[in-house]
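Structure at a glance
One letter stands for each residue in the lines below.
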Amino acid sequence: MPLYDFTCRVCGRMFEAMAAMDAGEGICPCGGSAKRLLSVGRGYRADGDWIGSVAAVVEKDSDKPHVRAFLADPSRANYRRWMRGEGIRPLEDGEGRPRATTAPAVGREVLERFKARRGCA
Ligand SMILES: [Zn+2]
């Protein structure tokens with residue numbers, strides 16, 4: 001059976017577990033029900049693009065354990081370990097998102113002006 005990443009609905013922990021290909025649910029070590037995440041590695045590369053972009057920047061010849069672990073198995077759990085090992089903090093909620101204050105209105109106005117210039121308003 002392949003190894004998948006799960007996230008617990010009760011405690012929020014992420015963990016890896018073997019599961020059948022069609023299993024959407026798992027059981028967390030805390031006993032809570034867990035949702036299967038789209039997984040990477042081991043031939044199943046549903047979100048291999050961003051993992052690939054991370055793998056491209058890690059030091060391939062580093063002997064740091066968190067780097068070796070990520071390169072050996074580029075799973076989400078090992079990605080988190082790698083981030084912690086490198087001192088990279090994940091974004092908090094609301095951080096790093098574009099501020100959607102006036103942008104849509106400005107976009108509409110520009111579009112209307114463009115249409116007017118083209119004579120199709
Ligand atoms: Zn749990």
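In the block above lies the structure referred to throughout.
Keep in mind that this is a model prediction, so the values were computed, not measured.

Further remarks concern the overall build of the protein chain. Counting its regular elements, the protein chain contains 4 helices and 4 strands. Written out in order from the N terminus, the α and β elements of the protein chain read β-β-β-β-α-α-α-α. Per-residue burial for the protein chain yields a buried fraction of 27% across its 121 residues. Across the protein chain, every contact between residues at least 6 apart in sequence was considered, and the portion connecting residues at least 24 apart equals 32%. A total accessible area of about 8500 Å² is found for the protein chain, and carbon and sulfur atoms account for 55% of it.

In the structure shown here, the tally under the stated rule is 2 salt bridges. Taking the shortest distance from any N to any O, the salt bridge between Glu86 and Lys64 comes out at 3.8 Å. Note that Glu86 is positioned in the loop between α3 (76-85) and α4 (103-118) and Lys64 in the loop between α1 (48-57) and α2 (65-72), a separation of 22 residues in sequence. Given a relative accessible area of 31%, Glu86 falls into the partly exposed group. The class of Lys64 is partly exposed, set by a relative accessible area of 35%.

Looking now at the coordination of the zinc ion. Donor atoms from the polypeptide that bind the zinc ion are Cys8 (SG), Cys11 (SG), Cys28 (SG) and Cys30 (SG), placed at 2.2 to 2.3 Å. Taken together, the 4 donor atoms surrounding the zinc ion define angles of 105 to 119° at the centre, an arrangement classified as tetrahedral.

What follows concerns α3. Residue pairs three or four apart in sequence face the same way in an α-helix, which turns once every 3.6 residues. The set of residues buried in α3 consists of Ala77, Asn78, Trp82 and Met83. Count one or two residues on from α3 and you reach Gly87, which has phi positive near 75°.

If you trace the 4 strands from one edge of the open sheet to the other, you get β2-β1-β4-β3, paired in antiparallel fashion. The open sheet has two edge strands, β2 (14-18) and β3 (25-27), and neither has a second partner. On average, each strand axis in the sheet is inclined to that of its neighbour by 45°, with strand direction left out of account. Contacting β1 (3-8) and β2, α3 crosses the sheet at an angle of about 145° to β2.

Per the counting criterion, the structure on display carries 4 aromatic pairs. Pairing Phe70 with Tyr79 gives two aromatic rings, centres 6.4 Å apart and planes at 50°, and the pair type is tilted. Taken together, the aromatic side chains of Phe70, Tyr79 and Trp82 make up a single cluster linked through ring pairs. Stacked on the ring of Tyr4, the Lys or Arg Arg36 has its end atom at 3.8 Å from the ring centre.

Attention now moves to the pairing of β2. Of the strand pairs in this sheet, β1 and β2 are connected by 5 bridges, and their pairing is antiparallel. Its bridge partner being in β2, Tyr4 is matched across the sheet by Ala17. Between β1 and the antiparallel strand that follows it, β2, lie 5 residues; Gly12 among them carries a positive phi value of about 80°.

How each quantity is defined
Residues numbered from 1 in each chain as written. Predicted model: local features only at pLDDT ≥ 70, side-chain atom pairs only at ≥ 80, totals over all residues. Heavy atoms only, no water. Helix = DSSP H or I, 4+ residues; strand = E, 2+ residues; numbered from the N terminus. Buried < 20%, exposed > 50% of the residue type's maximum accessible area, 1.4 Å probe, protein only. Contact = heavy atoms within 4.5 Å. Areas by Shrake-Rupley, 256 points an atom, 1.4 Å probe, with all protein chains shown as cover. Salt bridge = Lys/Arg side-chain N within 4 Å of Asp/Glu carboxyl O. Donors = N, O, S within 2.8 Å, 3.2 Å for Na, K, Ca; no water. Tetrahedral: all angles 85-135°; square planar, octahedral: opposite > 155°, others 65-115°. Pairing = 2+ DSSP bridges. Axes fitted to C-alpha atoms, helices over the stretch in contact; angles between N-to-C directions. Phe/Tyr/Trp six-rings, centres within 6.5 Å; stacked < 30°, edge-to-face > 60°. Lys NZ or Arg CZ within 6 Å of the ring centre and 35° of its normal.

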